[in-house]
Number of protein chains: 2
Amino acid sequence: MNERHIVTSFDRDLEGIQATVIKMGGLVEVALSDAAKALKAHDVELAEKVRKGDRQVDAFDQSIKTDSARLLALRSPTAGDLRTVLTVMEISSHLERCGDYAKNIAKRTIAMAGSGDIDDSLSALGRMARFVEAMIKDSLDAYIQRDAEKAAEIIERDLEADQIYNTLFRSLLTHMMEDHRNITVGMHLHFIAKNIERVGDHATGIAEQTIYLVTGELPEDDRPKQDKTSLAFQESDE
Amino acid sequence: MNERHIVTSFDRDLEGIQATVIKMGGLVEVALSDAAKALKAHDVELAEKVRKGDRQVDAFDQSIKTDSARLLALRSPTAGDLRTVLTVMEISSHLERCGDYAKNIAKRTIAMAGSGDIDDSLSALGRMARFVEAMIKDSLDAYIQRDAEKAAEIIERDLEADQIYNTLFRSLLTHMMEDHRNITVGMHLHFIAKNIERVGDHATGIAEQTIYLVTGELPEDDRPKQDKTSLAFQESDE
């Protein structure tokens, strides 16, 4: 791009920040994976580790924000470069929120310790966690490769994540209706499912930033939602 | 501050952005208030207005981010001024998320249309909405006045918001346990309560930014939580 008259310095600085984003992404993936493992194995110790580990994710976010601001101040980028820096900051925010969700799953795992289980819901939650974890990983790959097509695929995959969530939600609701004793645990598990589903939304958010970066335009905000039945739980909080 | 060698231009630009943040805050307050009204009156039309109105909140967020980046690029601020711009961007993100919550409450109101009510939960939700709405308003006032003491008060008030939420949650859970037919509506209302409670968290987030701006340090991340009973729903997703 023509505006990159100070191409080397800007790019070098940006690369440093992007390396931090990738490291942060790796940390978030591990946190999600560990949170799912701790949930399934009722492993309070591992859950505690995830809960505490979120501080490091937050510290990465802070450092990315500060470094990005310094880069803006130092290099005064315009047009595409300015967009790039804004994108890095937004992606960092998305990852920070994913870290929060992993932490919340861990906190619930600790709160639920010893209070039983519903059917095979923990396995289903584990599968769902792996699904959105891969979405996060691929959304960061798409970002690094500036691959708008790959990013668009992730947005499509979020529909599937929503579907998995809806199925799980209905199953939990059925168990709660069938037996009162499932209600409290069912609520916990449902919140966990919701947290996992939200990670998928953030992977979509990261993918949207990549599309914005490559094409200069954000995709339409109102993504199609799978579930249109009234009173169905279309759990998009965005 | 000594580093403000280009004080007038920077301050003038910053004032413009801050004016937008305040406008955005006003919009979010109205959205929350309308969402609560629509919920209580089962007013689908008003809920639809809130749902659609969130686009404007998102547009404000986008414009604040872009203007802040331009300001950074143009004025190359350092130290305190750099912090100020980062703070504005963070506050905008918090408000954007509050807008999402108002929208989500509106979407649930639409989904719940015609499906009854539980006890006086809608009134309780309305009170809770007004409580956090005031927190948002005051957190922005504290920010504009650079009042760290006022900001610290808001963080205290979030404990009360959490308490209101916990009480409401237990009441909903009881109704769900007593009568199966309450389970589905109870889940909706509970998610709405959760959304309102999260607005309080974001008011706290804004307050924390003010403290950071004034003192240079963020308050401790792990805020005290009121409810420590095991299996209690300490619904902090952060």
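Residues numbered from 1 in each chain as written. Chains lettered and ligands numbered in written order. Predicted model: local features only at pLDDT ≥ 70, side-chain atom pairs only at ≥ 80, totals over all residues. Heavy atoms only, no water.

(A) Representation of the overall build of chain A. Each helix and strand counted, chain A has six helices and zero strands in total. Going from N to C terminus, chain A has its helices and strands arranged as α-α-α-α-α-α. In chain A, which comprises 238 residues, the share counted as buried stands at 58%. For chain A, long-range pairs separated by at least 24 residues make up 84% of all intrachain contacts whose partners lie at least 6 apart in sequence. Counting every atom, chain A has about 9600 Å² of accessible surface; 51% of that belongs to carbon and sulfur. (Helix = DSSP H or I, 4+ residues; strand = E, 2+ residues; numbered from the N terminus. Buried < 20%, exposed > 50% of the residue type's maximum accessible area, 1.4 Å probe, protein only. Contact = heavy atoms within 4.5 Å. Areas by Shrake-Rupley, 256 points an atom, 1.4 Å probe, with all protein chains shown as cover.)

(B) Representation of the pattern of salt bridges in the model. Under the definition given, this model contains 24 salt bridges over all chains. With its nearest N and O atoms 3.2 Å apart, the salt bridge here joins Asp141(A) to Lys137(A). Of the two residues, Asp141(A) and Lys137(A) both sit in helix α4 (residues 121–144), four residues apart, roughly one turn of that helix. We classify Asp141(A) as partly exposed; its relative accessible area is 24%. Accessibility expressed as a relative area gives 39% for Lys137(A), which makes it partly exposed. For the salt bridge of Arg157(B) with Asp138(B), the shortest nitrogen-to-oxygen distance reads 3.0 Å. Taken together, the residues Arg157(B) in helix α5 (residues 148–178) and Asp138(B) in helix α4 (residues 121–144) connect sequence positions 19 residues apart. Given the relative accessible area of 24%, Arg157(B) is considered partly exposed. Here Asp138(B) falls in the buried class, since its relative accessible area comes to 19%. Here the residues in one salt-bridge network are Asp34(A), Lys37(A) and Lys49(A), joined through shared partners. (Salt bridge = Lys/Arg side-chain N within 4 Å of Asp/Glu carboxyl O.)

(C) The packing of α4(A) against helix α5 (residues 148–178) of chain A, seen in detail. All names here are of chain A. Running from amino to carboxyl end, α4 crosses α5 at an angle of 165 degrees, the nearest separation of the two axes being 10 Å. Of the possible angle classes, the one that applies to α4 and α5 is roughly antiparallel. Where α4 crosses over α5, the two elements pack in a sense that is left-handed. Only Lys150, Ala151, Ile154, Arg157, Asp158, Glu160, Ala161, Ile164, Tyr165, Leu168 and Leu172 of α5 make contact with α4, whose side of the interface consists of Ser121, Ala124, Leu125, Met128, Phe131, Val132, Ala134, Met135, Asp138, Ser139, Asp141 and Ala142. Taken together, the residues of the contact of α4 with α5 sort by class into 15 nonpolar, two polar and six charged. (Axes fitted to C-alpha atoms, helices over the stretch in contact; angles between N-to-C directions. Parallel < 35°, antiparallel > 145°, perpendicular 65-115°, else oblique. Left-handed = near helix turned anticlockwise from the far one by under 90°. Nonpolar A, V, L, I, M, F, W, Y, C, P; charged D, E, K, R; others polar.)

(D) Just unusual backbone geometry, in detail. Residues and elements named next belong to chain B. Look at histidine 42: it is not a glycine, yet its phi comes out positive at around 50 degrees. Tracing the chain through its elements places histidine 42 in the loop between α1 (7–41) and α2 (44–75). Using a relative accessible area of 43% as the deciding quantity, one classes histidine 42 as partly exposed. Despite not being glycine, arginine 146 has its phi angle at roughly 50 degrees, a positive value. One can find arginine 146 in the loop between α4 and α5.

(E) Structural context of the nonpolar core. Counting 143 residues, the largest nonpolar core has Leu95(A), Leu125(A), Leu189(A), Leu95(B), Leu125(B) and Leu189(B) as its most contacted members. Once you skip the residues sitting within four places of it in the chain, Leu95(B) turns out to touch Val21(B), Met24(B), Gly25(B), Val28(B), Val57(B), Ile136(B), Leu140(B) and Ile206(B). (Core = buried A, V, L, I, M, F, W, Y, C linked by side-chain atoms within 4.5 Å.)

(F) Up close: the environment of Asp117(B). Inspection of the secondary structure assignment puts Asp117(B) in the loop between α3 (79–112) and α4. Along the primary structure Asp117(B) and Phe60(B) are separated by 57 residues, whereas in three dimensions their C-alpha atoms are 35 Å apart.

(G) Expanded view of the packing of aromatic side chains. Under the definition given, this model contains three aromatic pairs over all chains. Measuring from centroid to centroid gives 6.2 Å for Tyr165(A) and Phe169(A), while their planes differ by 25 degrees, and the two rings are stacked. Residue Tyr165(A) and its partner Phe169(A) are located together in helix α5, separated by four residues, close to a single helical turn. Taken as a pair, Tyr165(A) and Phe169(A) share a single burial class, namely buried. Arg83(B) extends its terminal NZ or CZ atom over the ring of Tyr212(B), reaching a point 5.7 Å from the ring centre. If you follow Arg146(B) out to its NZ or CZ, it ends over the ring of Tyr143(B), 4.6 Å from the centre. (Phe/Tyr/Trp six-rings, centres within 6.5 Å; stacked < 30°, edge-to-face > 60°. Lys NZ or Arg CZ within 6 Å of the ring centre and 35° of its normal.)

(H) Region of interest: the confidence of the model for chain A. Residue and element names in this part refer to chain A. This prediction gives chain A a mean pLDDT of 86; 88% of its residues lie at or above 70. With pLDDT under 50 throughout, residues 222–238 is counted as low confidence; its partners more than four residues away or in other chains account for 59 contacts. Of the two predicted TM-score estimates for the complex, the pTM is 0.82 and the ipTM is 0.73. (pLDDT = per-residue confidence, 0-100.)

(I) Expanded view of helix α6 (residues 183–215) of chain B. All names here are of chain B. Across its 33 residues, α6 extends 47 Å between first and last C-alpha, which sits within 8% of the 48 Å expected from 1.5 Å per residue. Taken across its 33 residues, α6 has 31 buried, putting it largely inside the fold. A positive phi of about 85 degrees marks glycine 216, the residue just after α6. (Expected span 1.5 Å × (residues − 1).)

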